[in-house]
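In case you want the letters, here they are:
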Amino acid sequence: MASGDDDDPIIQEIDVYLAKSLVEKLYLFQYPVRPGSMSYDNAAHLSARIKPKHQKVELEVAMDTMSPNYCRSKGEQIALNVDGTSSEDSNTYSSKLMDKQAFSSIQATTNTSRYAAAVFRKGELHLTPLQGILQMRPSFTYLDKADTKHREREAAIEAGDSSQDEAEDDVKQITVRFSRPESEQARQRRIQSYEFLQKKQAEEPWIHLQYHGVKDGRSEHERQYLYCQAMDTTENTELVKTPSEYLSMLMPPLAEEKVVKPMGPSNVLSMAQLRTLPLGDQVKTLMKNVKVMPFANLMGLLASGIDSTSVLRCIQQVALLIQGNWVVKSDVLYPKNTCSSHSGVPAEVLCRGRDFVMWRFTQERTLMRKEVAATIKLPPEDVKDFLEQMSVPRLNRGWEFLLPTDHDFVKNHPDVAQRQHMLWLGIQSKLEKVFNFSKDDFVPKKDAHMEPVHVSGDQRLKTAKDSAQEKHTILQRELDARRLKTSRPPGGSGEANDSVRVKQEPMSDSEEPMDTSGSLSNGTVNGYPDSQITDPHNGHGGSNAPTPELQHFVRNIFLKHFVLSLSELKRLFNLHLASLPTGHAVYGHVTDRMLQDTILLSHCKQILVPFPPQSNAPADEQKVFGLWESGETFDKHRQVLFEIFMKNYRVRRNVIQSRLTQELGDAVTKTDVDRLLKECCISLGGMWYLKGTVHS
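Within any chain, residue numbers begin from 1 and follow the written order of that chain's sequence. Two thresholds apply to this predicted model, a pLDDT of at least 70 for residue-level local features and 80 or more for giving and counting side-chain atom pairs, whereas whole-chain, interface and lining totals are computed over all residues. Hydrogens are left out, water is left out, and the side-chain values use all remaining heavy atoms of the structure.

Okay, the sheet that holds strand β19 (residues 604–607) next. Being paired, for any two strands, means DSSP has found at least two bridges between them. Helix and strand definitions follow DSSP, with helices as H or I runs of at least four residues and strands as E runs of at least two, each counted in order from the N terminus. Strand order in the open sheet made by the three strands is β18-β20-β19, with antiparallel pairing throughout. Of all the strands in the sheet, the pair left with one neighbour each is β18 (563–565) and β19. Here the average twist between neighbouring strands, direction ignored, is 30°. Against the sheet, helix α24 (residues 635–645) touches β18, β19 and β20 (624–627), its axis set at about 160° to β20. Axis definition: a line fit to C-alpha positions, over the contact stretch in the case of helices; interaxial angles, taken between N-to-C directions, run 0 to 180 degrees. Contacts are assigned to residue pairs with any non-hydrogen atoms lying within 4.5 Å of each other.

Right under this line is the structure:
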C-alpha cells in the first residue's frame, strides 16, 4: 500500500462546491445533426418556448437567405405549399420565403441524476445538477401543414362551387356504440401508450421565452449563478461525506430486482396470479369471469386445502344461488356509476333487469326472450346480454338455464339453500313493486329436461283437426249469441250495447302510428293525439297540456344541444324514460303534437330548412328546432345563423361570417364564429350543415 501511494502522489487538491441556484432550471442542449464547429451561437433566434413538465423545447432560428448555398426558388416553393397564396397573420412564412428553421427537442435521457454542469475557477470546481439533457433536431411540422392545405384544397374541389340545389352526397348511416367499462389492466396499457403520452404532452401549455445570446449582458448575469452562492456557510453539506458513506454511494448495496409481470389481456386470468390474492378476491374474480358455476367446480379452481365453509361465506357476498348453481350478482358486473356498453342505460337500471332474469330462472328452466323484454323494457342488446350470461338458446324452446340443477349441493347445504331462498323472496318483493307484476303472472313451465315425445305426421294432423273443430264450435257459439242480442228490439239495454260498440277501420299503408312498444307510450295515431285513447292507470282520457317535468326536460336538452330534429329529441326522450324506475309516470301520455308544443313553449323555434327535393329524410328528421332565446347575448348570433339556414340547406363558412358581421357589426370575432358552428352545425365536404339535417 505504501509503495503504491509513493508511485501515485497527490499533485493538487481541488475544492468541490454544489451550486443550487439553477438546480431545476439548467438544461443541456445538444445538436446531433450539426458539427461542433458550426454552432448556432451567432444565428438570430426568433422565438423560443418550453413545456417544463414534459421537457419539450422549440426554437425558431433565422436562415441566411443571402447565402450562396441557399436555393431561393426552393424556399419560395416551400412557403407557397405551406401558406398558399393568402396573406394572413397566421402564415408560417410571412415573407413568402422560407426564411427560418424550427428546432424541436427530444430527451436524450430520462435520468439526469448522474449529470451536472461544472465550472472551474481559481482552483474551485462548482457543480450544478442538470434538469434535463435535450437533443435539438430540425422540425418539419411545416410539411404537415402543407399536406393539410393540399387535402383541404382537394376536398373543396370535390365539393365544388355548385348551387344550393345540386345533388347532395349520399348520407351514410352510422351506429353509435358506448365503450365498455375499462379494466385496470386496460387503463395501465392506455396510460403507457404513445397516443396517451402525446395527448398529455399536447395538453400542457407552452411558456414563451425570450432568447439572450452568449455575449448578452443578461446571459453574463445568469452565468454567475453557476457558482456556489453559500461557500462559507454550513448549508453546503451534500458533498461532505464520511469515507464509509462515500463508499456506499460509489457501490450501493445490491437490491433485489423487482420482476415486472407481463400484462396480459383483460379477459385472460392467470391462475398463478389469482392465488396470490385474498380468498374473497379470488372468488369474486372467478365469478366475474365465469358468471355461472357449480360449487364443486369453484372448489376445484381454488388452491387445495381451503376450507369450504370459508368459500361459502365468500361466494354468498358476490353470487346468488339459482337451481343449485352460483350466478354472479348484478352489482358485481355493473358497478355503480357505470352504464351499458350497448345502449348507455345506467347500471342501476341494468341491475334491476338482470335480477328479474335471474329470479325467473329460479322459477323455471326456460325463458322466452320476448316475455322478458316486455317486462323489463330494456334495449334488445342488453336483454340478450343478460340471457347469454346464464343460459343458452334452444330451438323452439326459448333460453334454457346454462347448467343442470345441482341437487347434491342443495342436499348437502340445506342451511345455505334456505338462506338463499329467503333472499330471493326479498328480491321478488322488490321486483314486483318495480315492474308491477305478481308471481301468478308467470306460470312455471314443465321441466325442459323431459324426454322428447316423438309424434308421427298422422297424429299431428289429427290433433290439428281436433283443435280447429273445437275453435270453430266456440266461435259459432259466440256468433249465435251476438246475433241473438242484435235481433232484440231497442230498449234501455240497447243504449248500453251501443256505448261499447267501436267502429274499426283498416289503417292504410301510408299511415303508421308512433311506436309505443318502447318506453315512450304516447297514445297517438300518426303523431296526433287520439281523444278516444284513455289512460290505463287513471281510467280517463289524457290531457294534451305538457307537464312541468316535460317542459323542464325539453328546456335542458336544448340548452345542451341547441339544435335538434324531432326524431333525435324523441330518441333522447326514450333514453331518458328508460333510465327512470318503472311506473314513474310523471310525464303522462306524450304525443308528437304535445312534444312540438312543448318545444315552442321552451323559447325554441322551428327552423324551416329547405331540404333538397331528392332528400329521403323522414318527416320527423325534416322537422328541425333550434334554441331561439336562452337569456344570453349570444342568442343574436344563433338567430342570425338560423335565418341563414331558413333559406339555404348548406352554406360556406365565409357566408356565415359575413352575414354575422353585417348584422352584428365588427365586434364578431373568429372565436364567436367557431363557437357558433360547434354548437349548431357540422361540416361535410367543405360545407356547413345545420345539426340533424344530414343524419339518418
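Moving on, we get to the pairing of strand β7 (residues 124–129). The alternating pattern of β7 places Glu-124, His-126 and Thr-128 on a buried face and Leu-125, Leu-127 and Pro-129 on a face that is not buried. In sequence, strand β6 (residues 116–121) turns back onto β7 through a hairpin of two residues, with Lys-122 there showing a positive phi of about 50°. Partly exposed residues are those whose accessible area sits between 20% and 50% of the maximum for their type, while under 20% is buried and over 50% is exposed, using a 1.4 Å probe and protein chains only.

This part is about helix α26 (residues 670–680). Of the residues making up α26, those classed as buried are Val-673, Leu-676, Leu-677, Glu-679 and Cys-680. For α26, the arc enclosing every buried residue in end-on projection is 165°, short of the 170-degree limit, so these residues lie on one face. Facing away from the buried side of α26, by more than 90 degrees, are the exposed residues Lys-670, Thr-671 and Lys-678. Check the buried side of α26 and you find it contacts α20 (548–561), β18, α24, α25 (653–664), β22 (681–684) and β23 (687–690). Arc definition: directions from the helix axis to the C-beta atoms.

Residues enter a patch when their relative accessible area is above 30% and they make no salt bridge; the linking distance is 9 Å between like charges and 5 Å between nonpolar side chains (Val, Leu, Ile, Met, Phe, Trp, Tyr). Residue-level accessible areas treat just the shown protein chains as cover; the underlying method is Shrake-Rupley with a 1.4 Å probe. One side-chain nitrogen of Lys or Arg within 4 Å of one carboxyl oxygen of Asp or Glu is enough to make a salt bridge. Side chains of Tyr-246, Leu-247, Leu-250 and Met-251 sit close together on the surface and give an oily, nonpolar patch of about 480 Å² of accessible area. Residue placement: Tyr-246 occurs in helix α7 (residues 243–250).

Taken in spatial order, the three strands of this open sheet run β10-β12-β11, and their pairing is antiparallel. The sheet is open, and its two edges are formed by β10 (292–293) and β11 (319–322), each paired on a single side. Note: β10 against strand β12 (residues 325–328), two bridges, orientation antiparallel. In the strand pairing of β12, Met-293 is matched with Trp-326. On top of the sheet, helix α13 (residues 347–363) reaches β11 and β12; it is set at about 30° to β11, its chief contact.

Attention now goes to the pattern of salt bridges. In this structure the tally under the stated criterion is 23 salt bridges. Here Asp-592 ties to Lys-570 by a salt bridge, and the two come within 3.5 Å at their closest N and O atoms. Of the two residues, Asp-592 sits in helix α22 (residues 592–601) while Lys-570 sits in helix α21 (residues 566–578), which places them 22 residues apart along the sequence. Summarising the burial analysis for this pair, Asp-592 and Lys-570 share the class buried. Close ionic contact of Arg-638 with Asp-635 constitutes a salt bridge, the shortest N to O distance being 2.9 Å. Taken together, the residues span about one helical turn, with Arg-638 and Asp-635 both in helix α24 at a distance of three residues. Each member of the pair, Arg-638 together with Asp-635, is buried.

Moving on to unusual backbone geometry. In the Ramachandran plot, Gln-323 falls in the positive-phi region, its phi being about 50° despite a non-glycine side chain. Take Gln-323: it is sitting in the loop between β11 and β12. For His-603, which is not glycine, the phi dihedral falls at a positive 60°. Tracing the sequence through the fold places His-603 in the loop between α22 and β19. Residue classification places His-603 among the partly exposed positions, given a relative accessible area of 43%.

Low-confidence regions, as indicated by low pLDDT, have predicted coordinates that should not be scrutinised in detail. The pLDDT value expresses, per residue, how confident the predictor is, ranging between 0 and 100. Taken as a whole, the chain shows an average pLDDT of 79; of its residues, 80% reach a score of 70 or greater. This stretch, residues 445–451, has a pLDDT under 50; its non-local contacts, to residues over four places away or in other chains, come to 10 contacts. Low confidence marks residues 491–543, where pLDDT is under 50. Its contacts with residues over four positions away, or in another chain, come to 56 contacts.

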